[in-house]
Amino acid sequence: MEHPDSLWYLSRQTLESLALTTKDVIESIEHLLLGRKQSKVWNAPKAVITPPDGRYMMATLSAADDPPFLAVKALILNPRNRQQGLPDINSLVTLLDSDTGLPLAVMDGNWITAVRTAGLSAVAAKRLARMDASTAAFIGCGTQARSHLQAFADLFPLREIRVFGRGSANREALCQAAEKLGLLAVASKSAREAVSDADLVISTVTLSPELIPFLDARWLKPGAFTTVVDLAASWLTDSMPAFDRIIIDDIEQEAQMPTPLVDPELVSGDLAGLVNGDITGRCSDDEKTAFIFRGLALGDLALAALAYQHARHLLKGVEIKR
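Residues numbered from 1 in each chain as written. Predicted model: local features only at pLDDT ≥ 70, side-chain atom pairs only at ≥ 80, totals over all residues. Heavy atoms only, no water.

## Describing the nonpolar core
Piece 1. Counting residues in hydrophobic clusters, the biggest one holds 69 residues, and the most contacted among them are Met-107, Phe-152, Ile-161 and Leu-200.
Piece 2. Here this core takes 10 residues from helix α9 (residues 297-314), the largest share from any one element.
Piece 3. Each of two domains, domain 1 (6-112 + 298-321) and domain 2 (127-296), supplies a minimum of three residues to this core.
Piece 4. In this view, Met-107 contacts Leu-10, Leu-15, Leu-92, Val-93, Leu-95, Ile-112, Ala-304 and Tyr-308; residues no more than four positions away in its chain are not counted.
Piece 5. Listed in part, the 25 residues of the second largest apolar core include Ala-191, Val-205, Trp-219 and Ala-224. (Core = buried A, V, L, I, M, F, W, Y, C linked by side-chain atoms within 4.5 Å. Buried < 20%, exposed > 50% of the residue type's maximum accessible area, 1.4 Å probe, protein only. Helix = DSSP H or I, 4+ residues; strand = E, 2+ residues; numbered from the N terminus. Domains from an automatic or database assignment. Contact = heavy atoms within 4.5 Å.)

Structure representation (structure tokens):
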């Protein structure tokens, strides 16, 4: 790789202007998952700090030989941010050349997190959901819900979404986004009403010390696929055996976490195994499946690399000379 003489800053506005497609995002993640099996891609388990005041601090690290980049993301979730009119989560991604270590770019981590998370869900959904899925239920209506709406609308023949979550502004924004995509949007009166007859369920409930589990996997219909973005904190633990198959993002990472996402005996495998064909995807139309995940550093790398390459090609962003 050439030795760049500049560092690029990619703001949220710049990243959005790149117009990366869901297909681009899925392919970039799948490429790294395949490379991981060939020992050309590496990612470390998340590093997490949880101060007693309810903040959640996290860092991820992943590197690859193809494309030759290393990405580090630092993120802080603070529910008190909303009192200042700020997003609950703020983050930054730094991209380096994985051979020389030269810094290449810094970019808005909120956009990377939202898009890569929906991309990870989409990679799993391709293999675990029914491809004729037409109804999606969203429990939680914030940034992650909107990014999942776009990805799943691109991936499935959606006709209707049902939404349930706190905050009328977020609910209305999600419904309006769906209507712009030509979908019927219904604000459900309860979580059970939203999910009970849905083909796809997306739970993105904001984590907080006050969160009490309220979602029950036994409400789901046969054949439903659920992507659980909120560490399963919103789901009743004793209902999880209702899923016929549960996939997590990373078996190795999970083994190092102090508290498991779900009973390890219920886990069929991880995303890398699913993409590499080491485990099978959906086995029948009636199977209830779930993807439960913490977030995979490899996904941050995939999106950061993809965005950087597109931005350089289009000459977008702020260039800082060394």
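## Some words on the packing of helix α3 (residues 109-128) against helix α4 (residues 143-155)
Piece 1. Between α3 and α4, the shortest axis-to-axis distance is 8 Å and the interhelical angle comes to 40°. Comparing their axes, α4 and α3 come out oblique. Judged by the sense of rotation from one axis to the other, the crossing of α3 with α4 is right-handed. Note on element contacts: α4 touches α3 through Thr-143, Gln-144, Ser-147, His-148, Ala-151, Phe-152 and Leu-155, opposite Thr-113, Ala-114, Thr-117, Ala-118, Ser-121, Ala-122, Ala-125 and Lys-126. (Axes fitted to C-alpha atoms, helices over the stretch in contact; angles between N-to-C directions. Parallel < 35°, antiparallel > 145°, perpendicular 65-115°, else oblique. Left-handed = near helix turned anticlockwise from the far one by under 90°.)

## Quick notes on the packing of aromatic side chains
Piece 1. Tallied over the entire structure, the rule returns four aromatic pairs.
Piece 2. Ring centres 5.7 Å apart and planes at 65° place the aromatic pair Phe-152 and Phe-156 in the edge-to-face group.
Piece 3. Here Phe-152 falls in the buried class, since its relative accessible area comes to 0%.
Piece 4. Relative accessible area serves as the criterion here: at 4%, Phe-156 is assigned to the buried category.
Piece 5. Look at Trp-235 and Phe-243: their rings are 6.1 Å apart centre to centre, the planes differ by 55°, and that puts the pair in the tilted class. (Phe/Tyr/Trp six-rings, centres within 6.5 Å; stacked < 30°, edge-to-face > 60°.)

## Observations concerning the pairing of strand β1 (residues 6-10)
Piece 1. Here β1 shows a clear split, with Ser-6, Trp-8 and Leu-10 buried on one side and none of Leu-7 and Tyr-9 buried on the other.
Piece 2. Taken together, the four bridges between β1 and strand β16 (residues 318-321) define a ladder with antiparallel strand orientation. Looking at β16, one finds that Trp-8 is bridged to Glu-319.
Piece 3. By the bridge criterion, three bridges tie β1 to strand β7 (residues 103-108) in an arrangement that is parallel. (Pairing = 2+ DSSP bridges.)

## Digging into unusual backbone geometry
Piece 1. Of the consecutive residues Asp-66 and Pro-67, the connecting peptide bond is found in the cis state with omega at 0°.
Piece 2. You can see Pro-67 is positioned in the loop between β4 (56-64) and β5 (69-77).
Piece 3. Despite not being glycine, Ala-232 shows a phi value in the positive range, around 65°.
Piece 4. Position of Ala-232 relative to the elements: it lies in the loop between β12 (225-228) and β13 (245-248).
Piece 5. For Leu-315, which is not glycine, the phi torsion reads 55° and is therefore positive.
Piece 6. If you trace the backbone, Leu-315 turns up in the loop between α9 and β16.

## Some thoughts on the domain arrangement of the protein chain
Piece 1. Looking at the assigned domains, one finds that the protein chain contains domain 1 (6-112 + 298-321) and domain 2 (127-296).
Piece 2. The straight-line distance from the C-alpha centre of domain 1 to that of domain 2 is 23 Å.
Piece 3. For the pair domain 1 and domain 2, the two sides together bury roughly 1700 Å², of which 56% comes from carbon and sulfur.
Piece 4. Among the ionic pairs, Arg-36 bridges to Asp-250, the shortest N-O distance being 3.1 Å.
Piece 5. Joining domain 1 to domain 2, the criterion identifies 10 residue pairs in polar contact (both at pLDDT 80 or more).
Piece 6. Those elements that place two or more of their residues in the side of domain 1 that touches domain 2 are α2 (22-37) and α9.
Piece 7. By residue number, the principal contributor to the side of domain 1 that touches domain 2 is α2, which donates seven residues.
Piece 8. Across the side of domain 1 that touches domain 2, the residue classes tally to eight nonpolar, four polar and seven charged. (Buried area = accessible area lost by both parts, 1.4 Å probe. Salt bridge = Lys/Arg side-chain N within 4 Å of Asp/Glu carboxyl O. Polar contact = N/O pair within 3.5 Å; in protein donor to acceptor, adjacent residues only side chain to side chain. Nonpolar A, V, L, I, M, F, W, Y, C, P; charged D, E, K, R; others polar.)

## As for the pattern of salt bridges
Piece 1. Under the counting rule described, the total for this entry stands at 23 salt bridges.
Piece 2. Here Asp-5 ties to Lys-321 by a salt bridge, and the two come within 4.0 Å at their closest N and O atoms. Separated by 316 residues along the polypeptide, Asp-5 in the segment before β1 and Lys-321 in strand β16 bring together distant segments of the chain.
Piece 3. Among the ionic pairs, Asp-197 bridges to Lys-221, the shortest N-O distance being 4.0 Å. With Asp-197 in the loop between α6 (191-195) and β11 (200-203) and Lys-221 in the loop between β11 and β12, this pair connects stretches of sequence that are 24 residues apart.
Piece 4. On the accessibility criterion, Lys-221 (23% relative accessible area) is partly exposed.
Piece 5. One salt-bridge network, in which partners are shared between bridges, spans Asp-5, Glu-319 and Lys-321.

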